[in-house]
Amino acid sequence: MSFSSRTLKFFLSIGVLSYSAGVLAKEVIVTQKDKEFKVGSQKIEKPLEVHVGDTIVVRNDETDVSHNVYGKNEKEDTVFKFLIQKPGEKDEFKVEQAGTIEVKCAIHPGMKFTIKATK
Amino acid sequence: MRNHKITLFSVLFMGIHFGFAHASVEDDARRFAKSYARPKELKHPAKNPHSVEKEKLGQFLFFDPRISGSGTMSCGTCHNPALSWQDGLPTAMGNKGEVLPRKTPTILNLGYSQGLFFWDGRAESLEDQALKPITNPNEMAMKDMETTIQLLNSSETYRELFKKAFPENETITEHSIAAALATFERSVQSAEAPFDKWVEGDKSAISNDAKKGFIVFNTNGNCVRCHSGFRFTDDSFHDIGTRTSDKGRGGLSDFKEFEALQFAFKTMTLRNIIERAPYMHNGQEKTLEDVIDFYDKGGDEKRPSLSADIKPLSLTAQEKSDLLEFLKTLSSRDAPVVMPALPVFGKPQ
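No experiment lies behind these values; they were computed from the predicted model shown.

Asker: Please clarify how empty space enclosed by the protein should be interpreted in this entry.
Answerer: Sizing a probe to match a water molecule and rolling it over the atoms shows the empty space that remains. All names here are of chain B. By the definition in use, this model includes two cavities of 30 Å³ or more. The computed volume of the largest cavity comes to approximately 700 Å³. Taken together, 38 residues make up the lining of the largest cavity; nearest its centre are His227, Ile240, Met280, Val291 and Tyr295. For the lining of the largest cavity, the elements supplying multiple residues, two or more each, are strand S2 (265-266), helix H10 (288-296) and helix H11 (317-328). A total of four residues in the lining of the largest cavity trace back to one element, the largest contributor, which is H10. When the residues that make up the lining of the largest cavity are grouped by side-chain class, the tally is 21 nonpolar, eleven polar and six charged. Here the lining of the second largest cavity is built from residues that sort into three nonpolar, one polar and four charged.

Following this line, the structure appears as C-alpha cells:
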C-alpha cells in the first residue's frame, strides 16, 4: 500500500466516524399526555434506549395539566430538573454519560420511565 | 271536562318530563362511571408476594403497641380501624401526647396505590413506609430497629410466625418486618359502597341528587382533576391553598427548588370520606360542607405555588348540596376488624 493511499484511507475513516457520530446524535421527543410519558402515542413501558450525546426533549401535551419533571442517575444524583411545564411547554437535556436515568414527574408519582444510555 | 283534559295532560306531561329528567341525569352521570370501577385485581409487588402467613404476621405487628418507645403506641393507635383507619383528630398525636403537625391519613385501599407514601411522598413503597413511624422519635419512637428485632425475637410465637411467613430467612430482619406490615396494609380495603353498586349498573343504588353531584364532581367542581379512579385520588401533590406554613413535599431536600411543590401535599382518597373528618393535611376543615366551600372560593392562601387548578368555582347552593350527597355514597359498611391476641414476650434470644 502506498503512503498516499494509507493517508487517504486514514482521513476517510476519520471522516466516516465523524459523520457517523453526527448522524447518531439524535433528538428524542418524549411527551406528557393523560398523566403518562409517551413516545408518539405509546406509553413508555420499557427503558428508552438512547446514546450519549442524544438530546431528550420533554414536552407537555396535556390540555390543562402541568408537570414538573426531573431525572436521577443510578447514584441518585440529579441529572436534570425542569421548572414546572404548563401545557404546550417543553424543555430538553443532553445525555452526557452512559448509564440509566430515572425520569419522574414530581407532582404525579404514577408518571415515571427509565432512560438507558449507551456510548 | 276541558279542565279535566288539561289536568290529565299536565299530569302526563309532568310525568314524562320528570321521567326524562331522571333518565338524562342517569345517562349524563353514567358517562363518567367507568374509570371509577374497582381494579380487577390487587397486585402485590414481585419482591413481596402475598401469603396468608405474611398478612397474619403483619396484622400482629400492626396492632402491637409494645414495639414503640413508650410501649403504648401501635400503628393501629393512629390508624384505628374503628375510625376508618385514622384517629379522628385534626392532626396526629405523638408518642408523648404531643400534637404533631399533620393529620393521620387513612390506609384504606393503599394496595391499589401507585405510590408515593406519607403526605409529602417521602416513601417510595409501602415496604419503605412501614418502618419509618416505628423509629420516628415523634411517632412510635423505638430506639432503633435492632431493639425492635431483639424484642420480637424474645417471643417464641413471633419467631414461629416469622418462620412461617419467611421460610427463606433464618432470623427476623428489618426487611421481613416491613414486608409483613406492607402485606397486611394491602389487605385493608373498603367494601362495596352504594356508589360502587351504581357503577356496577344498579341505577337505584344512589339518589338522583347524588348522580347530579357526581356530574358536578366531574365537571364544574373540577374535583376529578386529582380525585380520579377507584380510590378517588391520583396520588398527586399540590398546593391547594390551605392555611399552613408546612412546606410539605417542597420541604424534602430534592424539591426545595420546585416552586409547585411548596406547601404541596398528597391528594387523599375520598373513600369513606364522610367518616373521616376533620379534613386537609392540617385538619383545618371540620366538615365536608366546609371543604366544598374551601374549594369553591379557590382556597385560603394565594401563593406562587398555588396549583393552577385551584380557582373560584362559583358553584350554586344546589350544586354544593348535590356534591355532598354524592360524597356520602362513597362510604362502605366495612367488616369489623378482629384485634389479634398478641404473642407473649420473654427473654431475648
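Moving on from the model shown.
Asker: How should the sheet that holds strand S3 (residues 42-43) of chain A be read in this particular structure?
Answerer: Each strand in a sheet pairs with another by means of backbone hydrogen bonds, the pair being arranged parallel or else antiparallel. Ordered by their spatial adjacency, five strands build an open sheet running S3-S2-S1-S5-S8 (chain A), and the pairing between neighbours is mixed. The two strands at the open ends of the sheet, each matched to only one other strand, are S3 and strand S8 (90-94) of chain A.

Asker: Can you help me understand the packing of H10(B) against H11(B) in this one?
Answerer: Packed helices, taken two at a time, are described by the angle between their axes plus the distance between the axes. Residue and element names in this part refer to chain B. At a minimum axis separation of 10 Å, H10 and H11 run at an interaxial angle of 130°. Compared by their axis directions, H10 and H11 come out oblique. The interaxial crossing formed by H10 with H11 has right-handed handedness. Residues Leu288, Glu289, Ile292, Asp293 and Asp296 of H10 pack against Lys320, Leu323, Leu324 and Leu327 of H11.

Asker: Quick question: what am I supposed to make of the pattern of salt bridges here?
Answerer: A side chain with one charge may pair with a side chain of the opposite charge, provided their charged atoms come close. This structure, assessed with the given rule, holds 30 salt bridges over all chains. Linking Glu257(B) and Lys81(A) is a salt bridge whose minimum nitrogen-to-oxygen distance equals 3.4 Å. On the criterion of chain membership, the pair formed by Glu257(B) in the loop between strand S1 (237-238) and S2 and Lys81(A) in strand S7 (residues 78-81) is interchain, its members lying in two chains. In this structure Glu257(B) comes out as exposed when scored by relative accessible area, which is 62%. The shortest N-O distance in the salt bridge between Glu325(B) and Lys328(B) comes to 3.2 Å. One end of the pair, Glu325(B), and the other, Lys328(B), are both in helix H11, three residues apart, so they sit about a helical turn from each other. Judged by its relative accessible area of 27%, Glu325(B) is partly exposed. Looking at Lys328(B), the relative accessible area reads 38%, which means it is partly exposed. Several salt bridges converge on common partners, so that one network encompasses Arg102(B), Asp120(B), Arg122(B) and Asp246(B).

Asker: Just to check I follow, could you spell out the nonpolar core for this structure?
Answerer: General note: in soluble globular proteins, nonpolar side chains tend to be found buried as a group. All names here are of chain B. Leu57, Leu61, Phe162 and Ile177 are the most contacted members of the largest nonpolar core, which totals 39 residues. Elements that contribute at least two residues to this core include exactly helix H2 (52-62), helix H3 (75-78), helix H4 (126-135), helix H5 (145-153), helix H6 (156-165) and helix H7 (174-186). Of all the elements, H7 adds the most residues to this core, at seven residues. Ignoring any residue separated from it by four or fewer positions in sequence, one finds Phe162 in contact with Leu57, Leu61, Leu152, Ile172, Ser176 and Ile177. Phe32, Tyr36, Ile206 and Phe294 belong to the second-largest nonpolar core, a separate cluster that totals 34 residues.

Asker: Sorry, what's going on with the pairing of strand S10 (residues 112-118) of chain A here?
Answerer: All names here are of chain A. Pairing geometry for strand S4 (residues 48-51) and S10, over four bridges, is parallel. In the sheet register, Glu49 faces S10, and the bridge partner there is Lys116. Where strand S9 (residues 99-105) lies against S10, six bridges are found, and the strand directions are antiparallel. Counted as the bridge partner of Val103 is Phe113 from S10. Connecting the antiparallel pair S9 and S10 is a turn made up of six residues.

Asker: Can you walk me through the packing of aromatic side chains in this structure?
Answerer: Here a ring pair, both rings aromatic, is described through the centre-centre distance and the interplanar angle of the planes. All names here are of chain B. Scanning all chains against the criterion turns up 34 aromatic pairs over all chains. Plain terms: the ring middles of Phe195 and Phe232 are 5.5 Å apart, the flat faces sit at 65° to each other, and that makes the pair edge-to-face. Taken together, the residues span a long stretch of sequence, with Phe195 in helix H8 (residues 194-199) and Phe232 in the loop between helix H9 (208-218) and S1 at a distance of 37 residues. Just as Phe195 is buried, Phe232 falls in that class too. Cluster of aromatic residues (ring-pair linked, three or more members): Phe32, Tyr36, Phe195, Trp198, Phe214, Phe217, Phe232 and Phe326. Taking NZ or CZ as reference, Arg30 lies 4.2 Å from the ring centre of Trp198, over its face. One cation-aromatic arrangement involves Arg66 over Phe345; the distance from NZ or CZ to the ring centre is 3.8 Å.

Asker: Help me out: how do you make sense of the interface of chain B and chain A in this one?
Answerer: Accessible area lost when the parts come together is the quantity often used to give the size of an interface. In this assembly, 19 residues from chain B lie in contact with 16 residues from chain A. Ranking the residues of chain B by area buried against chain A places Arg225(B), Asp254(B) and Phe258(B) at the top, with a combined share of 36%. Applying the counting criterion to the chain B and chain A interface returns five salt bridges. Between Lys35(A) and Asp234(B) there is a salt bridge; the shortest N-O distance is 2.6 Å. Summed over the shared surface of chain B and chain A, the number is eight residue pairs in polar contact (both at pLDDT 80 or more). Here the side of chain B that touches chain A is built from residues that sort into six nonpolar, five polar and eight charged.

Asker: I would appreciate a short explanation of the sheet that holds S9(A) in the present structure.
Answerer: Residue and element names in this part refer to chain A. Taken in spatial order, the five strands make up an open sheet running S4-S10-S9-S6-S7, and their pairing is mixed. If you trace the sheet from one side to the other, it starts and ends with S4 and S7, each paired once. Sheet twist, expressed as the mean angle between neighbouring strand axes with direction ignored, is 25°. Here strand S6 (residues 69-73) runs beside S9; their pairing, made up of five bridges, is antiparallel. Pairing of Asn73 across the sheet is with Ile101, part of S9.

Asker: Explain the environment of Asp64(A) to me, please; I cannot follow it from the model alone.
Answerer: Secondary-structure assignment places Asp64(A) in the loop between strand S5 (55-60) and S6. C-alpha of Asp64(A) to C-alpha of Gly40(A): the two residues are 24 residues apart in sequence and 19 Å apart in space. Those residues within four positions of Asp64(A) in sequence are excluded, and the remaining contacts are Pro87(A), Arg225(B) and Asp309(B). Of the polar contacts made by the side chain of Asp64(A), one reaches the side chain of Arg225(B); its length is 2.9 Å.

Here is what the cut-offs are and how they apply
- Residues numbered from 1 in each chain as written.
- Chains lettered and ligands numbered in written order.
- Predicted model: local features only at pLDDT ≥ 70, side-chain atom pairs only at ≥ 80, totals over all residues.
- Heavy atoms only, no water.
- 1 Å grid on protein atoms, 1.4 Å probe; cavity = no way out; pocket = protein on both sides within 12 Å on 5 of 7 lines; lining within 4 Å.
- Points joined across faces, edges and corners; volume = space filled by probe spheres on them.
- Helix = DSSP H or I, 4+ residues; strand = E, 2+ residues; numbered from the N terminus.
- Nonpolar A, V, L, I, M, F, W, Y, C, P; charged D, E, K, R; others polar.
- Pairing = 2+ DSSP bridges.
- Axes fitted to C-alpha atoms, helices over the stretch in contact; angles between N-to-C directions.
- Parallel < 35°, antiparallel > 145°, perpendicular 65-115°, else oblique.
- Left-handed = near helix turned anticlockwise from the far one by under 90°.
- Contact = heavy atoms within 4.5 Å.
- Salt bridge = Lys/Arg side-chain N within 4 Å of Asp/Glu carboxyl O.
- Buried < 20%, exposed > 50% of the residue type's maximum accessible area, 1.4 Å probe, protein only.
- Core = buried A, V, L, I, M, F, W, Y, C linked by side-chain atoms within 4.5 Å.
- Phe/Tyr/Trp six-rings, centres within 6.5 Å; stacked < 30°, edge-to-face > 60°.
- Lys NZ or Arg CZ within 6 Å of the ring centre and 35° of its normal.
- Buried area = accessible area lost by both parts, 1.4 Å probe.
- Polar contact = N/O pair within 3.5 Å; in protein donor to acceptor, adjacent residues only side chain to side chain.

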